[in-house]
Amino acid sequence: MRRLIASIYAVALTLALPVAAYAADSSETGKPTGHDWTLDSIFVVALSIPAILGLLTLIDIARGKHTQRHDH
């Protein structure tokens, strides 16, 4: 019984490996074309965070909050 299972496994593996290699090498993978914008979005978000914090800091300075001291 074990020899039969081993033989079936060997035959299945022999047939499956070339099919898998052909599928991986196939040029019709459905790869999208064009610009993805993902990397651009990451840079926009990464650069906008310091810009927003700088703007909020300028607003705080203009309102005079940076000079308020809590000396009791």
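Structure: see above.
Residues numbered from 1 in each chain as written. Predicted model: local features only at pLDDT ≥ 70, side-chain atom pairs only at ≥ 80, totals over all residues. Heavy atoms only, no water.

Novice: Can you help me understand the overall build of the protein in this one?
Specialist: When helices and strands are counted, the protein shows 2 helices and 0 strands. By residue count, 1% of the 72 residues in the protein fall in the buried class. In the form shown here, the protein has an accessible surface area of approximately 7200 Å², with 67% of it arising from carbon and sulfur atoms. (Helix = DSSP H or I, 4+ residues; strand = E, 2+ residues; numbered from the N terminus. Buried < 20%, exposed > 50% of the residue type's maximum accessible area, 1.4 Å probe, protein only. Areas by Shrake-Rupley, 256 points an atom, 1.4 Å probe, with all protein chains shown as cover.)

Novice: What am I meant to see in unusual backbone geometry here?
Specialist: The phi torsion of most residues other than glycine is negative, and most of the peptide bonds are trans. Positive phi values are uncommon outside glycine, yet W37 reaches one of about 70°. Note that W37 resides in the loop between α1 (2-25) and α2 (38-63).

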